[in-house]
Amino acid sequence: MNVKQLLVAAALVGLAHTAGAQATGSTYTTALGFKFSPTAISVKHFVKSNAAIEGLAYFWRDGFRATGLYEWHDDIKGARGLQWYVGGGAHIDLWDDEYRNRFNPSGRAAAGLDGVIGLDYKFNGAPINLSLDWQPSVTFIGANYSSVDWLGVAVRFTF
């Protein structure tokens, strides 16, 4: 994690701690927005009061990644509106021919497993949700590599 990512994390935690907060527990059912680093479209939907599924669609110059995560949420005592979460899931990568030719001559697709741990905050009185998380992954079908440097900051509209 570099200094910039560490500063963003500290700012989010500070913001969540000092801003007006929601009642404990999730007060939204579904949220849609963007997660940054790397950039993805994010959809998060609570299937129970303490469990959500999150779908991520990453687009970059060389291809696409789809990730599905199951996340368990719990309140942080003394920080109303702020929850921690942990979970896991899987991803599928699809690459264009140029990337395949440079890095993965065995094919244009790969798959693997993901973990996630983070913080989730819903602003009281505003349809905005923020999250900060770390999402390591390992790819072992179609390619062999791991990613441990995905620190994500999500900004989503809730409904």
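Keep in mind it's a predicted model, so treat the numbers as computed, not measured.

**Examining the overall build of the chain**
Alright, step 1. In terms of helices and strands, the chain carries 2 helices and 10 strands.
Alright, step 2. A burial count over the chain gives 43% of its 159 residues as buried.
Alright, step 3. By sequence separation, contacts in the chain at least 24 residues apart represent 51% of the contacts at least 6 residues apart.

**Quick notes on a nonpolar patch on the surface**
Alright, step 1. Nonpolar side chains collect at one region of the surface, where Leu32, Phe34, Phe36, Ile41, Val43, Phe59, Ile128, Val155, Phe157 and Phe159 lie side by side and expose about 910 Å² of accessible area between them.
Alright, step 2. When residues of the nonpolar patch are traced back to their parent elements, those giving at least two are strand 1 (30-36), strand 2 (40-48) and strand 10 (151-158).
Alright, step 3. For the nonpolar patch, the element with the highest residue contribution is strand 1, accounting for 3 residues.

**Digging into the pairing of strand 4 (residues 63-75)**
Look at any regular strand and the pattern is simple: side chains alternate between the two faces of the sheet.
Alright, step 1. Bridging between strand 3 (residues 51-60) and strand 4 involves 10 bridges; their strand directions are antiparallel. Following the sheet pairing, Ala57 is matched in strand 4 by Ala66.
Alright, step 2. The turn joining strand 3 and strand 4, which pair antiparallel and follow one another in sequence, is formed by 2 residues.
Alright, step 3. In the sheet, strand 4 pairs with strand 5 (residues 82-95) via 13 bridges, with the strands oriented antiparallel. Bridging across to strand 5, Leu69 finds its partner in Gly89.
Alright, step 4. The loop that links strand 4 with its antiparallel partner strand 5 comprises 6 residues; one of these, Gly78, has a positive phi angle of about 85°.

**Remarks on the side chain of Glu54**
Alright, step 1. Position of Glu54 among the secondary structure elements: in strand 3.
Alright, step 2. Side chain to side chain, Glu54 and Arg156 meet in a polar contact 3.1 Å long.
Alright, step 3. Beyond its immediate sequence surroundings of up to four residues, Glu54 is in contact with Lys35, Ser42, Val43, Lys44, Thr67, Gly68, Leu69, Glu71 and Arg156.

**Quick look at the pattern of salt bridges**
Alright, step 1. Considering all chains together, one arrives at 8 salt bridges under this definition.
Alright, step 2. For Lys44, the salt bridge is made with Glu71, and the minimal N-O distance between the two is 3.1 Å. Of this pair, Lys44 sits in strand 2 while Glu71 sits in strand 4; the two residues are 27 residues apart in sequence, bridging distant segments of the chain.
Alright, step 3. With a relative accessible area of 0%, Lys44 lands in the buried category.
Alright, step 4. Glu71 sits in the buried class, given a relative accessible area of 0%.
Alright, step 5. The partner of Asp93 in a salt bridge is Arg65, with the nearest N and O atoms 2.5 Å apart. Residue Asp93 is located in strand 5, and its partner Arg65 is located in strand 4; the two are separated by 28 residues in the primary sequence. Note on accessibility: Asp93 and Arg65 belong to one class, buried.

About the criteria used
- Residues numbered from 1 in each chain as written.
- Predicted model: local features only at pLDDT ≥ 70, side-chain atom pairs only at ≥ 80, totals over all residues.
- Heavy atoms only, no water.
- Helix = DSSP H or I, 4+ residues; strand = E, 2+ residues; numbered from the N terminus.
- Buried < 20%, exposed > 50% of the residue type's maximum accessible area, 1.4 Å probe, protein only.
- Contact = heavy atoms within 4.5 Å.
- Patch = residues over 30% accessible without salt bridge, like charges linked within 9 Å, V, L, I, M, F, W, Y side chains within 5 Å.
- Areas by Shrake-Rupley, 256 points an atom, 1.4 Å probe, with all protein chains shown as cover.
- Salt bridge = Lys/Arg side-chain N within 4 Å of Asp/Glu carboxyl O.
- Pairing = 2+ DSSP bridges.
- Polar contact = N/O pair within 3.5 Å; in protein donor to acceptor, adjacent residues only side chain to side chain.

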